[in-house]
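Observations on chain architecture
These are the residues of each chain, in order.
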Amino acid sequence: MSLTAGIVGLPNVGKSTLFNAITKKNILAANYPFATIDPNVGVVVVPDERLDFLNNLYKPKSLIPTTFEFTDIAGLVKGASNGEGLGNKFLSHIREVDAICEVVRCFENNDIIHVENQVDPIRDIEIIEVELILADLEVVENRFNKIGKKASLSKDKEVQKEATILTKLKETLEKNIPIRRIDLSDDEKLYIKPFNLLTSKPIIYVANVSEDDLLIGDNKYIEKVREYAKKDSAEVVVICAKVESDLCDMSTDEKNEFLNELGVNESGIDKLIRTSYSLLGLETFFTAGEDECRAWTYKKGMKAPQCAGIIHTDFERGFIKAEIMSYEDLKQYGSEKSVKEAGRMRLEGKEYIMKDGDICYFRFNV
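A short tour of the structure in this document, coming up. (Residues numbered from 1 in each chain as written. Predicted model: local features only at pLDDT ≥ 70, side-chain atom pairs only at ≥ 80, totals over all residues. Heavy atoms only, no water.)

**Here we look at helix α8 (residues 220-229)**
Applied cut-off: Buried residues are those whose accessible area, probed at 1.4 Å on protein chains only, stays under 20% of the maximum for their type, while exposed residues exceed 50% and partly exposed ones sit between those limits. In this description a helix means any DSSP run of H or I spanning at least four residues, a strand means any run of E spanning at least two, and both kinds are numbered starting from the N terminus. Here the arc refers to the directions that run from the helix axis out to each C-beta atom. Here a polar contact means two N or O atoms within 3.5 Å. Within protein one must be a hydrogen donor candidate and the other an acceptor candidate, and residues neighboring in sequence count only if both atoms are side-chain atoms.
For α8, the complete set of buried residues consists of Tyr221, Ile222, Val225, Tyr228 and Ala229. Looking straight down α8, one finds that the buried residues subtend no more than 125° of arc, so they occupy a single side. The distance from a side-chain oxygen at the start of α8 to the backbone nitrogen of Tyr221 is 2.9 Å, and the residue carrying that oxygen is Asn219.

In structure tokens:
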């Protein structure tokens, strides 16, 4: 399931430091704009305690977690839609991601240059938002100019429908409103999908704070970001990129001890991974046995044959039945045998909609 979230923000807000911590890669994180020229892609493990349970129960020869992809994208500046900074190159990289994680600087530090010379997270968010809106408006207007006249003269219902949708998008963007904030029908969403509009992508705001603020739990900047995020019904994940970077070099025990001292039960990165995974409507099913225990990512709403196809196309093509037990039942009863004896193991057919935590054995014939 190849979906990716792009880490974006103004220069020097902590994007590359965060990305280094997420992927444990040693990419350049210099204290000047455009240190990240090309997008860096990193695959991260999705933390899941259920896989740990399966590992302890089955003691398999191999254990394979599910993964998620993050892309670190070069810093944007005011005027990017007109080519400033890395301009269109930056915008094209954002078009390629499925969701946006926007890192916002919520800390004071005179040693780290702010591209706008002053810390103001809402101004920073609005700078990026305006650039993305302008880029989307250009796409919509170009398309409208191609079919607008035809729509006014033609009786073709499809052309008229397209013109109506484009007009709705154009009027929205001209009011400086991102596409994700308006109600679109399923038909309209399907239509605009090929345009890959930047402001239609779901978003998470990542508030990057100092270590002191992380200990306190809040500051004046975070509250402003939370208030702003309500407009998008978006999550705000509070992290300290510096702390996350330090955690990468620690053992599991050291990491847990450090997090306890901070008064948190999981790292900011783990929370960001989980939130990004959920934002894209992703869930996890498992296959389990003595040879291998593995977590698989699927899109919420997928049916059993489609999920079987994630493992191998032959599984979907020759799908017969899926033998399924829930993770909760296995945890409660303690073994597959006990689950079966309790009547909780079931056979599901082609119309079964998979549920998060399903443990599956697919029967197929090709």
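**Focus on the packing of aromatic side chains**
For the record, the criterion: Two aromatic rings, drawn from Phe, Tyr or Trp (for Trp, its six-membered ring), form a pair once their centres lie within 6.5 Å of each other, and the interplanar angle then sorts them: stacked below 30 degrees, edge-to-face above 60, tilted otherwise.
What the rule picks out here adds up to ten aromatic pairs. An angle of 90° between the planes, with centres 6.2 Å apart, marks the rings of Tyr205 and Tyr228 as edge-to-face. A residue pair is termed long-range when its members are at least 10 positions apart, and Tyr205 in strand β6 (residues 203-208) and Tyr228 in helix α8 qualify at 23 residues. No difference in accessibility class separates Tyr205 from Tyr228, as the two residues are buried.

**Observations concerning the nonpolar core**
The line we're drawing: Note on terminology: a nonpolar core comprises buried Ala, Val, Leu, Ile, Met, Phe, Trp, Tyr and Cys residues joined through side-chain atoms within 4.5 Å.
Ranked by size, the top nonpolar core spans 62 residues in total, and within it Leu18, Phe68, Phe70, Tyr205 and Leu272 carry the most contacts. For this core, the element with the most residues is helix α4 (residues 121-153), which contributes six residues.

**Some points on the side chain of Asp358**
Our working definition: Contact between two residues is taken to exist if any of their heavy atoms lie within 4.5 Å; hydrogens are not considered.
With respect to the helices, strands and loops of the structure, Asp358 is situated in strand β12 (residues 358-364). Classification of Asp358 as buried rests on a relative accessible area of 2%. A distance of 2.8 Å separates the side chain of Asp358 from the side chain of Tyr352, its partner in a polar contact. Reaching out from Asp358, the side chain makes a polar contact with the backbone nitrogen of Lys355 at a distance of 2.9 Å. Setting aside anything within four residues of it in sequence, one finds Asp358 in contact with Thr284, Phe285, Phe286, Ile324, Met325, Ser326, Arg346 and Tyr352.

**What to know about a negative patch on the surface**
How we decide: Candidate patch residues must exceed 30% relative accessible area and have no salt bridge, after which like charges are joined if within 9 Å and Val, Leu, Ile, Met, Phe, Trp or Tyr side chains if within 5 Å. Residue burial considers only the protein chains on display, and all accessible areas are found by Shrake-Rupley using a 1.4 Å probe. By definition, a salt bridge exists where a carboxyl oxygen of Asp or Glu is found within 4 Å of a side-chain nitrogen of Lys or Arg. Positive charges come from Lys and Arg, negative ones from Asp and Glu, while His and the chain ends are left out of the count. Lysine's charge is taken at NZ, arginine's at CZ, aspartate's at CG and glutamate's at CD.
Where like charges cluster on the molecular surface, the negative patch consists of Asp253, Glu254, Glu257 and Glu261. Its location among the elements puts Glu254 in helix α10 (residues 252-262).

**Re unusual backbone geometry**
A positive phi angle is found at Lys59, which is not glycine, with a value near 45°. Exposure remark for Lys59: the relative accessible area of 63% places this residue in the exposed category. For Asn176, which is not glycine, the phi dihedral falls at a positive 60°. Here Asn176 lies in the loop between α5 (157-174) and α6 (186-192). Accessibility expressed as a relative area gives 44% for Asn176, which makes it partly exposed.

**Some points on the pattern of salt bridges**
Tallied over the full model, the rule gives 22 salt bridges. Salt-bridge contacts for Asp314 lead to Arg317; the nearest nitrogen and oxygen are separated by 2.7 Å. Of the two residues, Asp314 and Arg317 are both situated in helix α13 (residues 313-317); the distance of three residues between them amounts to about one turn of the helix. In this structure, the salt-bridge partner of Glu323 is Arg363, at a minimum N-O distance of 3.3 Å. With Glu323 in strand β10 (residues 319-326) and Arg363 in strand β12, this pair connects stretches of sequence that are 40 residues apart.

**Structural notes on the pairing of strand β7 (residues 236-239)**
Going by this rule: Two strands pair if DSSP finds at least two bridges between them.
Neither face of β7 is exposed, since Val236 and Val238 on one face and Val237 and Ile239 on the opposite face are all buried. Note: β6 against β7, four bridges, orientation parallel. Looking across to β7, one finds that Val206 is bridged to Val237.

**Remarks on the sheet that holds β7**
Strand pairing in a sheet is mediated by backbone hydrogen bonds. Such pairs are either parallel or antiparallel. As a reminder, the rule being used: The axes are straight lines fitted to the C-alpha atoms, using for helices just the contacting stretch, and the angles between their N-to-C directions are given from 0 to 180°.
Ordered by their spatial adjacency, six strands build an open sheet running β2-β4-β1-β5-β6-β7, and the pairing between neighbours is mixed. In this open sheet, the two edge strands, each paired with only one partner strand, are β2 (40-45) and β7. Across the sheet, the mean angle separating the axes of adjacent strands is 25° when strand polarity is ignored. Here four bridges tie strand β1 (residues 4-8) to strand β4 (residues 67-72), and the two strands are oriented parallel to one another. Across the sheet, residue Ile7 finds its bridge partner in β4, namely Asp72. Each of β1, β2, β4, β5 (99-105), β6 and β7 is contacted by helix α1 (residues 15-23), which is oriented at about 45° to β2, the strand it contacts most.

**Describing the environment of Ile22**
Its location among the elements puts Ile22 in helix α1. With 226 residues separating them in the primary sequence, Ile22 and Cys248 have C-alpha atoms 8.4 Å apart. Setting aside residues up to four positions removed in sequence, Ile22 forms contacts with Ile7, Val44, Phe70, Ile269 and Leu272.

Note that every value here comes from positions in space, so none of it alone points to a role or purpose.
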